[in-house]
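For reference, the chains in residue letters:
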Amino acid sequence: MDVWEGDFVYVTGPMQDKIGTVRDVDYFCKIRPSKYERVVAKVDTSLYGEFSPIEHLWVTFQRNSIEKDKMRLWFLSPLSDGPCVSNSDMVPFSLFNLDGFPISSIRAERGEGYYEEDRVVYLSIDKGEGYAIVQGSEYYEVTFIYEDEEIKTIVCNCYCEGHCKHEYAVLLQLQDLVADWAVNFDENYPKQEYFAAIDKTVAWNMNVSRRQKEIIRLTEDSYEGLIIYED
Ligand SMILES: [Zn+2]
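Model, not experiment: these values are computed from the prediction.

A. Expanded view of the overall build of the chain. Tallying secondary structure elements over the chain gives five helices and 13 strands in all. The C-alpha radius of gyration of the chain comes to 19 Å, within 12% of the 17 Å expected for a compact globule of 231 residues. Across its three principal directions, the C-alpha atoms of the chain cover 60 × 50 × 30 Å. Per element, the accessible surface of the chain, about 13500 Å² overall, is 47% carbon and sulfur.

In structure tokens, the structure reads:
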């Protein structure tokens, strides 16, 4: 793996959960094998495509722009555990009536707080398979199935028994994207069976602020969207 100064990477060892920046590359150095930690992944921070800014998120319907396998590494080490698989027989419920979602009112309230604090930092649905990253005390991964405006299953990889505040925050965020933005969503999602959204502050820190050239243009109606060009 070629790494360069400034690259974001993950390494083995005690720092394995933290994303790091390459400070210096040295080809000739003595290493004690017991102290040696390997670089296990270099983070692909490329970002281009057409986005619509919706609240704190940049949303795209284009594949191969901010797809989940790439974006997971913006938040989590490849050595981390990964999302959970649902093993409960959940009764499907409408995304727009969360009364059907079995969660305690205290957790729902906390989830609402998370949603209001813009803690859902990544969200995507690919052919009904949903995936989200929520910022809590650490980053948690929520997976769900969304079909015909219904949630069929939803599970989070935090260690809480039953349904949690992270899942609730994701449901509220999804309601927002699907409903408040119905015109665009109804037009675009069925065509691609895909959408993805990234937190704009994260996008700025990981990519835009590090670029030299002007790479963002607003589309004709400036409120409509922005296009990020390839370098
Ligand atoms: Zn959770």
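B. Up close: the coordination of the zinc ion. Listed as protein donors to the zinc ion are Cys156 (SG), Cys158 (SG), Cys164 (SG) and His166 (ND1); their distances from the metal cover 2.1 to 2.3 Å. For the zinc ion, the four donor atoms in the first shell make angles of 107 to 113 degrees at the metal, a pattern classed as tetrahedral. Positions of the donor residues of the zinc ion along the chain correspond to the pattern C-x1-C-x5-C-x1-H. Relative accessible area serves as the criterion here: at 6%, Cys156 is assigned to the buried category.

C. Broad picture of the domain arrangement of the chain. Domain parsing of the chain yields domain 1 (8-42) and domain 2 (49-204). Summarising the inter-unit geometry, the C-alpha centres of domain 1 and domain 2 are found 32 Å apart. Between domain 1 and domain 2, the residue contacts involve nine residues of the former and seven residues of the latter. Carbon and sulfur atoms make up 64% of the surface buried where domain 1 meets domain 2, a total of about 540 Å² over both sides. Sorting the residues of domain 1 by area buried against domain 2 places Tyr10, Gln16 and Val40 first, and these three jointly supply 63% of that buried surface. For the pair domain 1 and domain 2, the interface holds three residue pairs in polar contact (both at pLDDT 80 or more). Of all elements in the fold, only strand 1 (8-11) and strand 3 (39-42) reach the threshold of two or more residues within the side of domain 1 that touches domain 2. Considering every element that reaches the side of domain 1 that touches domain 2, the biggest residue donor is strand 3, with three residues. Split into classes, the residues belonging to the side of domain 1 that touches domain 2 amount to five nonpolar, two polar and two charged.

What counts and what doesn't
- Residues numbered from 1 in each chain as written.
- Predicted model: local features only at pLDDT ≥ 70, side-chain atom pairs only at ≥ 80, totals over all residues.
- Heavy atoms only, no water.
- Helix = DSSP H or I, 4+ residues; strand = E, 2+ residues; numbered from the N terminus.
- Rg over C-alpha atoms; globule rule 2.2 N^0.38 Å.
- Areas by Shrake-Rupley, 256 points an atom, 1.4 Å probe, with all protein chains shown as cover.
- Donors = N, O, S within 2.8 Å, 3.2 Å for Na, K, Ca; no water.
- Tetrahedral: all angles 85-135°; square planar, octahedral: opposite > 155°, others 65-115°.
- Buried < 20%, exposed > 50% of the residue type's maximum accessible area, 1.4 Å probe, protein only.
- Domains from an automatic or database assignment.
- Contact = heavy atoms within 4.5 Å.
- Buried area = accessible area lost by both parts, 1.4 Å probe.
- Polar contact = N/O pair within 3.5 Å; in protein donor to acceptor, adjacent residues only side chain to side chain.
- Nonpolar A, V, L, I, M, F, W, Y, C, P; charged D, E, K, R; others polar.

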